[in-house]
Amino acid sequence: FWPESLQGLFYGGGALGALSRHPYKILLLPFFAISLLYFLHKTLKFAKKSGDPYTLVHSHWLIPTGLLTGLVAQHHKCEHVVTCHGSDLMKLKSGIFHRMKRWGMKLARRVHVNSPAMSDLAVDIAPFVKAVTIPLGVQVPLDVKTEEAQQFLQNKQFQKVAFVGRLSREKGADIFLEVFCLLQKRLADIQAIIVGDGPESDILKERAKELGVLENC
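Here the structure is a predicted model, which is why all the values come from computation and not from measurement.

For the rest of this paragraph, the subject is the overall build of the protein chain. Secondary structure assignment for the protein chain yields nine helices and six strands. Considering the protein chain as a whole, with its 217 residues, one finds that 37% of them fall into the buried category. In the protein chain, the share of contacts with a sequence separation of at least 24, taken over all contacts with a separation of at least 6, comes to 58%.

Laid out in structure tokens, this is it:
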């Protein structure tokens, strides 16, 4: 929506993080919702008139984009797929938000999540949902033997580990630091790379200092 300089609702750790730090930004939500509804409707209508209609729309987050996109897609008789994220399912659990999430899933032809744990949360919200799990990042094999893990750790080339993601509590960057601290005791030259930003950035720096691993991060 316009003006572009005010489009700060979903930056710096997501909408919930932005609203917790700057509650006044809730005033931007109606403008965002109206903008999304208008431009998505306009896009689908134009495509239909041009003879090349869209058959599927994919949205991220249940509230508000998933629900709003589902309503527009239903109006245009277009399939809708929604991808749910961790904070999307783990927060805003009560009352009207719970009902809005359920409604958003009901409007979707398919619901995507990124882990079995997120699938369980989706089913808790909407028991009729059969969520499809599509993992993000690296999927570690479940059948790795202890001996193989020991050989991997002793590999001289194993010098860096990385965390990539938003630096917010639910992403688990603090657990990454705890594990890195344990690895550093066994592998003196190991280094950690943290790629991302978010509301927990300063807290994680302090935690790295406490663990004595800041110099190698």
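On to helix 3 (residues 62-75), then. In terms of burial, helix 3 is largely enclosed, as eleven of its 14 residues are buried. Phi turns positive, to about 55 degrees, at Lys77, one or two residues after helix 3.

It is worth spelling out the nonpolar core at this point. A general tendency of soluble globular proteins is for nonpolar side chains to be buried together. Within the largest apolar cluster, 16 residues are counted, with the highest numbers of intra-cluster contacts made by Val161, Phe176, Leu177, Phe180, Ile190 and Val213. Of all elements in the fold, only strand 5 (160-164), helix 8 (173-186) and helix 9 (201-211) reach the threshold of two or more residues within this core. Ranked by residues supplied to this core, first place goes to helix 8 with six residues. Those residues in contact with Val213 that sit more than four places away from it in its chain are Leu177, Phe180, Cys181, Gln184 and Ala208. Core analysis: the next-biggest nonpolar cluster, separate from the first, contains 15 residues, Leu62, Met118, Ile125 and Ala131 among them.

A word on the environment of Leu183. Within the secondary structure, Leu183 is located in helix 8. You can call Leu183 buried: its relative accessible area is 17%. A sequence separation of 22 residues divides Leu183 from Val161, and the C-alpha atoms of the two residues are 9.7 Å apart.

The strand order 1-2-3-4 describes an open sheet built from four strands, whose pairing is parallel. The strands lining the two open edges of the sheet, one partner per strand, are strand 1 (56-60) and strand 4 (132-133). Relative to strand 3 (residues 110-113), strand 2 (residues 79-83) runs parallel, the two sharing three bridges. Across the sheet, the residue bridging to Val82 is Val111, located in strand 3.

Turning our eyes to something else, we now look at the pairing of strand 3. Bridge count for strand 3 against strand 4 is two bridges, and the pairing is parallel. Residue pairing in the sheet places His112 in a bridge with Val132 of strand 4. In the classification by handedness, the crossover that spans strand 3, the intervening helix 6 (residues 116-125) and the parallel strand 4 is right-handed.

Another aspect to go through is the pattern of salt bridges. Per the stated rule, a full pass over the model turns up four salt bridges. Residue Glu178 is joined to Arg207 by a salt bridge in which the shortest nitrogen-to-oxygen separation is 2.5 Å. Of this pair, Glu178 sits in helix 8 while Arg207 sits in helix 9; the two residues are 29 residues apart in sequence, bridging distant segments of the chain. The class of Glu178 is partly exposed, set by a relative accessible area of 34%. When its relative accessible area of 28% is taken as the criterion, Arg207 is described as partly exposed. A salt bridge links Lys209 to Glu206, with the nearest nitrogen and oxygen atoms 3.8 Å apart. Taken as a pair, Lys209 and Glu206 lie in helix 9 at a separation of three residues, close to a single helical turn. Residue Lys209 is classed as exposed on the basis of its relative accessible area of 52%. Counted as one network, the salt bridges with shared partners bring together Glu178, Arg207 and Glu210.

The linkage connecting Ile63 with the following residue, Pro64, adopts the cis geometry, with an omega of 0 degrees. Topologically, Pro64 is positioned in helix 3. Located in the positive-phi region is Trp61, a residue other than glycine, with phi close to 75 degrees. Structurally, Trp61 can be placed in the loop between strand 1 and helix 3. In this model, Leu92 sits at a positive phi of 50 degrees, which is unusual for a non-glycine residue. With respect to the helices, strands and loops of the structure, Leu92 is situated in the loop between helix 4 (86-90) and helix 5 (95-106).

Cut-offs used in this document
- Residues numbered from 1 in each chain as written.
- Predicted model: local features only at pLDDT ≥ 70, side-chain atom pairs only at ≥ 80, totals over all residues.
- Heavy atoms only, no water.
- Helix = DSSP H or I, 4+ residues; strand = E, 2+ residues; numbered from the N terminus.
- Buried < 20%, exposed > 50% of the residue type's maximum accessible area, 1.4 Å probe, protein only.
- Contact = heavy atoms within 4.5 Å.
- Core = buried A, V, L, I, M, F, W, Y, C linked by side-chain atoms within 4.5 Å.
- Pairing = 2+ DSSP bridges.
- Right-handed = clockwise from strand over helix to strand, strands pointing away.
- Salt bridge = Lys/Arg side-chain N within 4 Å of Asp/Glu carboxyl O.

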